[in-house]
Amino acid sequence: MDLAVRATATAHPNIAFIKYWGNRDENLRLPANGSISMNLESLATRTTVDYPEGLGADEVCFAGRPAGPEMSARVVDHLGRIRTLAKSPLFARVDTDNNFPLACGIASSASAFAALTLAACAAIGLALDQKELSRLARLASGSACRSIPGGFVEWQPGSGDSDSFATSLLPAGHWNLTDLVVVVDRQPKAVSSSEGHRSAWSSPLYRLRVDSAPSRLEACRRSLFDRDFTALAEIVEEDSLLLHSVLMTSTPPLVYWKPITVEIIQYVRRWRGQGLPIAFSVDAGANVHCLTPGESAQEALGRLQQIPGVLEVLQAEPGGPAALTG
Ligand code: DP6
């Protein structure tokens, strides 16, 4: 019989510069296109997993309370994958918490499933390398595979399950980019990303977005290597607007933006025109990620905080990999 052990892992969410939307295989979460992201250091999920002898079913707690049915079901599914891989009969007790709002376009599933994958594998005694951990996290949530490696990360779509994982393109210290996450809505989104991925194909713009992704990936890679903020701003905004064009023209249409989302986009474009290096990116939610080089972060933060209706601005620099912390 395996010895029951416990492990704690911390993982950061990530902001995608070139985004993942739609799968060529829903069950395996093989993405229609590659994506590039940056981990967010100051935001984190911390997850403890242990496998006590005699537990009859998996137990999942979020912030000290039993997790809701949807979250529990997804976590239990993933624990089942890990149990099968480890050939273990043991059930897990999972305790997880975030230091940022859940499910509203701040990639909570990315850090959640990256931390869960790392902690559960360590606790059950599965020794996997970073590629294997990323591949395994992908099966639970696509963007989670990008929260396993550190810094600036690229997820290769791969030819199948075995080669679709994320690796670090550049370390966190390469460029002190700052993500100012402008929170305008703390409510969980009405339609989850998982549901959205399934209807992506219904948009007449979908093929165009997927077919043109390789050239945006290349432009994004180049801008990161060169630390060229002007080029990064153009490609990140183009990709985000393309994503939302697909969302809005899917059946049923998905409109995540609120009036204030559009207002912030307009401010950002105006300020950049006036010389402040700042760019926006919006995930599947109403909140706006504003990217800016570290030197301009305080100026940008001050301006964003003054926009009426902004609830809070979270500040994050490039983050490290998912790590065992106990
Ligand atoms: C808009 O990774 O949350 O944030 O695989 O169903 O968990 P699941 O979806 P998820 O989708 C992320 C969508 C996005 C873009 C991105 O992060 O690349």
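Parameters at a glance
- Residues numbered from 1 in each chain as written.
- Predicted model: local features only at pLDDT ≥ 70, side-chain atom pairs only at ≥ 80, totals over all residues.
- Heavy atoms only, no water.
- Helix = DSSP H or I, 4+ residues; strand = E, 2+ residues; numbered from the N terminus.
- Rg over C-alpha atoms; globule rule 2.2 N^0.38 Å.
- Buried < 20%, exposed > 50% of the residue type's maximum accessible area, 1.4 Å probe, protein only.
- 1 Å grid on protein atoms, 1.4 Å probe; cavity = no way out; pocket = protein on both sides within 12 Å on 5 of 7 lines; lining within 4 Å.
- Points joined across faces, edges and corners; volume = space filled by probe spheres on them.
- Nonpolar A, V, L, I, M, F, W, Y, C, P; charged D, E, K, R; others polar.
- Pairing = 2+ DSSP bridges.
- Contact = heavy atoms within 4.5 Å.
- Axes fitted to C-alpha atoms, helices over the stretch in contact; angles between N-to-C directions.
- Polar contact = N/O pair within 3.5 Å; in protein donor to acceptor, adjacent residues only side chain to side chain.
- Near = heavy atom within 4 Å.
- Areas by Shrake-Rupley, 256 points an atom, 1.4 Å probe, with all protein chains shown as cover.
- Salt bridge = Lys/Arg side-chain N within 4 Å of Asp/Glu carboxyl O.

Caption draft 1: Just the overall build of the protein, in detail. Along the backbone of the protein there are nine helices and 16 strands. For a compact globule of 326 residues, the expected C-alpha radius of gyration is about 20 Å, and the protein comes in at 19 Å, within 12% of that figure. The dimensions of the protein, computed from C-alpha atoms along their principal axes, are 65 × 40 × 35 Å. The 326 residues of the protein split such that 56% are buried.

Caption draft 2: Inspection of the layout of surface pockets at higher detail. Considering only enclosed or pocket space, the second largest pocket measures out at about 170 Å³ in volume. If you trace the second largest pocket, you find 13 residues lining it, with Lys189, Ala190, Val255, Tyr256 and Gly285 closest to the centre. Tallied by class, residues from the lining of the second largest pocket come to eight nonpolar, three polar and two charged.

Caption draft 3: Highlighting the sheet that holds strand S7 (residues 59–62). Spatially, S8-S7-S9-S6-S1-S16 is the arrangement adopted by the six strands of the open sheet, whose pairing is mixed. At either margin of the open sheet sits one strand with a lone partner, and together these are strand S8 (65–66) and strand S16 (323–324). Note that S7 and S8 share two bridges and pair antiparallel. Note that in S8 the partner of Phe62 across the bridge is Arg65. Together, S7 and strand S9 (93–98) form the strand contacts of helix H1 (residues 69–86), whose direction differs from that of S7 by roughly 130 degrees. Sitting on the sheet, helix H2 (residues 108–124) is in contact with strand S1 (6–11), strand S6 (45–50), S9 and S16, with an inclination near 155 degrees to S1.

Caption draft 4: Representation of the side chain of Ser164 in the model. By secondary structure assignment, the location of Ser164 is in the loop between strand S10 (152–155) and strand S11 (166–170). Here the side chain of Ser164 touches Pro157 through a polar contact of 3.0 Å, landing on its backbone oxygen. Setting aside chain neighbours within four positions, we find Ser164 in contact with Leu30, Pro31, Arg135, Arg138, Trp155, Gln156, Pro157 and Gly158.

Caption draft 5: Inspection of the site of the ligand at higher detail. Lining the immediate environment of the ligand, one finds 17 residues, of which Arg74, Ser141, Gly142, Ser143 and Ser194 sit closest. The backbone of Tyr20 places a nitrogen or oxygen atom 2.9 Å from an oxygen atom of the ligand. In this structure, Ser194 approaches the ligand through a side-chain N or O atom, which is 2.6 Å from an oxygen atom. About the coverage of the ligand: the protein hides 95% of its 460 Å² of free accessible area. Of the residues forming the shell around the ligand, the biggest block, three residues, is contributed by helix H4 (residues 193–199). Grouping the constituent residues of the shell around the ligand by class yields five nonpolar, seven polar and five charged.

Caption draft 6: Inspection of the environment of Leu232 at higher detail. Within the secondary structure, Leu232 is located in helix H7 (residues 229–248). On the basis of relative accessibility, which here comes to 1%, the residue Leu232 falls in the buried class. Sequence separation of Leu232 and Leu116 is 116 residues, and the distance between their C-alpha atoms is 32 Å. Setting aside chain neighbours within four positions, we find Leu232 in contact with Phe17, Trp175, Leu177, Cys220, Ser223 and Leu224.

Caption draft 7: Expanded view of the pattern of salt bridges. Evaluated as defined, the whole model comprises 16 salt bridges. Across the pair Asp161 and Arg135 runs a salt bridge, and its minimum N-O distance is 2.7 Å. Placement of the pair is Asp161 in the loop between S10 and S11 and Arg135 in helix H3 (residues 130–140), with a sequence separation of 26 residues. Exposure remark for Asp161: the relative accessible area of 25% places this residue in the partly exposed category. The class for Arg135 is buried, based on a relative accessible area of 12%. The closest approach of N and O atoms between Arg207 and Asp211, which form a salt bridge, is 3.1 Å. Of this pair, Arg207 and Asp211 both sit in helix H5 (residues 206–211), four residues apart, roughly one helical turn. Connected via shared salt-bridge partners are Glu132, Arg135, Arg138 and Asp161.

These figures come from the coordinates and say nothing about function on their own.
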